[in-house]
Structure formats: structure tokens, C-alpha cells
Amino acid sequence: MALPSGRTRVAVGAGVLVVVAAAALAVSPSAAVDALSWLAADPVRYLLAVVALAAVRPLFAWPTTLVGVAVGFGYGVVGIPLALVLYTLTSVPPFLFGRRTSGDGRVAAAGRRVREATGDFRGVAASRLFPAPSDVVSVGSGVAGVPLRTYLFGTAVGELPWALASVLAGASLDTLASGAPADVFAPQFVVGVTALGILVLVGPLARLVGSLQ
């Protein structure tokens, strides 16, 4: 059987992109579930859709948990590694934006001081544990001048709890249909992960404050 032409593959990719974006923006959760169910009937088609969703996520400032929930919906818990990879890769464009626009202002200087106090890996991994907008952390890491390789490693480690939780949430059809991805985490889980981030950073930040006095 002949392989589809390059133009055909582009058309299919564009169609998948439109379907996923429409499902994500649908007012009714059931509409998103219906669209995702159709996509999930073909694992390859669903993989293309999830990758497309991850690719456009930074453009619309959608939460990264949306990607994890979508992965969990289609693949269940075996999709955790895929979700973590997509979480990490989708954070690269905001990081590069922060790096290119950092300049030498006060914000960049403050970011570099924090980076020196916490260390590159520790600072990125711990900041990912906080329930802050992912793209804000990504841009901040770029502004602070964190090396790309260290940034990717720290992001993967710090995002692991959130990727795990979002995939488990997405594996439940009832969870996806009844609420937004941002609301699927139990308060105890959010508090626990946040507390871990504080514990990781409290020592270095205390020394930084002490050095400024």
C-alpha cells in the first residue's frame, strides 16, 4: 500500500489540530469527551492529536495539566512517561522566549541571584512543584539564564507529581466530563507537593536573604 503524500499528511495533521483545539475550547465538557473518544478509537491518530495539543498549548497559555489529562484519557497510566515528555518539551518555547528577552534589567539580575543561591537544577525542579502557571516558571528560568539541559532535567523531575496526577485524572472519564483539568487535584495533594517545594528551597533562600542583610 502506498504511503500518503506529504500534502496528505499535512492536511491530516491540520485537521487533527483543529479537532483538538475545538474540543479543548468547547463550552460543554461532554463535547470535549465526544471528540476525544473519536480520536482515541485510533491510538496513532490520538497520539498525533495529543502531540498537536502539546505543540499549540503555549500559544494559548493553556495549562499543562490539559495535556496530561488528555494523555490519561487515551492511554491510561501507561501514558505517564509520554505525558512527562510532553510536559517538558512544551515548556521549551516559553523558556527560549525568556532567554531571548532577558536583557540586563532588575528582573534578570534578581533571577540570576536566586539561581546562584538555589542552583540550576534545584531551583527549576522546586519551582515546578509549586502550583504556579507553568509558562511563568519557564519564562523565569529563561530570564535567569539556566542552561537548557539542566532546565529540561529539572522540569522533568519537578513536573513528575503533576503529570502523574493529571494522567490518573484523565484515565477517569467521569473526572474529565465533570470538571476542568485545573480542578482535578485534591487540596491535600496540592498542599503536599507545594510543601515539598518549600522544603527544597527554604535553606538556599534563607541564606540568600541573610547575605542581603
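In the block above lies the structure referred to throughout.
Residues numbered from 1 in each chain as written. Predicted model: local features only at pLDDT ≥ 70, side-chain atom pairs only at ≥ 80, totals over all residues. Heavy atoms only, no water.

### A word on the pattern of salt bridges
Note that side chains of opposite charge can pair when their charged atoms are close. Put simply, the rule is: Criterion for a salt bridge: a side-chain nitrogen of Lys or Arg within 4 Å of a carboxyl oxygen of Asp or Glu. Helix and strand assignments come from DSSP, with helices taken as H or I runs of at least 4 residues and strands as E runs of at least 2, each series counted from the N terminus. Note on exposure labels: buried denotes an accessible area under 20% of the residue type's maximum, exposed denotes more than 50%, and partly exposed covers the range between, all computed with a 1.4 Å probe on protein chains only.
Following the criterion strictly, the structure yields 2 salt bridges and no others. A salt bridge links R57 to D135; the nearest nitrogen and oxygen atoms lie 2.8 Å apart. Taken together, the residues span a long stretch of sequence, with R57 in helix α3 (residues 43–60) and D135 in helix α9 (residues 134–144) at a distance of 78 residues. Residue class for R57 comes out buried when judged on its relative accessible area of 1%. Using a relative accessible area of 17% as the deciding quantity, one classes D135 as buried. When the shortest N-O distance is used, the salt bridge between E159 and R128 registers 3.6 Å. In this pair, E159 sits in helix α10 (residues 148–170) while R128 sits in helix α8 (residues 120–129), placing the two residues 31 residues apart along the sequence. Summarising the burial analysis for this pair, E159 and R128 share the class buried.

### Observations concerning the nonpolar core
Definition in use: Buried residues of nine kinds, namely Ala, Val, Leu, Ile, Met, Phe, Trp, Tyr and Cys, make up a nonpolar core once their side-chain atoms join them within 4.5 Å.
Among the nonpolar cores identified, the biggest contains 24 residues, and Y46, V50, L53, V67, V71 and L86 are the most heavily contacted of them. When contributions to this core are tallied by element, the ones reaching two or more residues are α2 (29–40), α3, α4 (65–75), α5 (80–89) and α10. Take this core: its biggest share by element is 6 residues, from α3. Formed by 5 residues, the second largest nonpolar core is a distinct cluster that contains V124, A144, V146 and Y151.

### Thoughts on the environment of A41
Tracing the sequence through the fold places A41 in the loop between α2 and α3. A sequence separation of 33 residues divides A41 from G74, and the C-alpha atoms of the two residues are 8.6 Å apart.

### Here's the deal with unusual backbone geometry
The residue A61 is not glycine, and still its phi comes out positive at about 55 degrees. Take A61: its relative accessible area is 57%, and that puts it in the exposed class.

### Let's talk about the side chain of T90
In plain terms, the rule: A 3.5 Å cut-off defines polar contacts: any pair of N or O atoms within that distance qualifies, except that in protein one atom must be a possible hydrogen donor and the other a possible acceptor, and neighbouring residues in sequence count only when both atoms are side-chain atoms. Should any heavy atoms of two residues lie within 4.5 Å, those residues are considered in contact.
Mapped onto the fold, T90 is located in the loop between α5 and α6 (92–100). Residue classification places T90 among the buried positions, given a relative accessible area of 4%. One polar contact links T90 to R57, side chain to side chain, over a distance of 3.1 Å. The residues touching T90, leaving out its near neighbours within four places in the chain, are A54, R57, P58 and T64.

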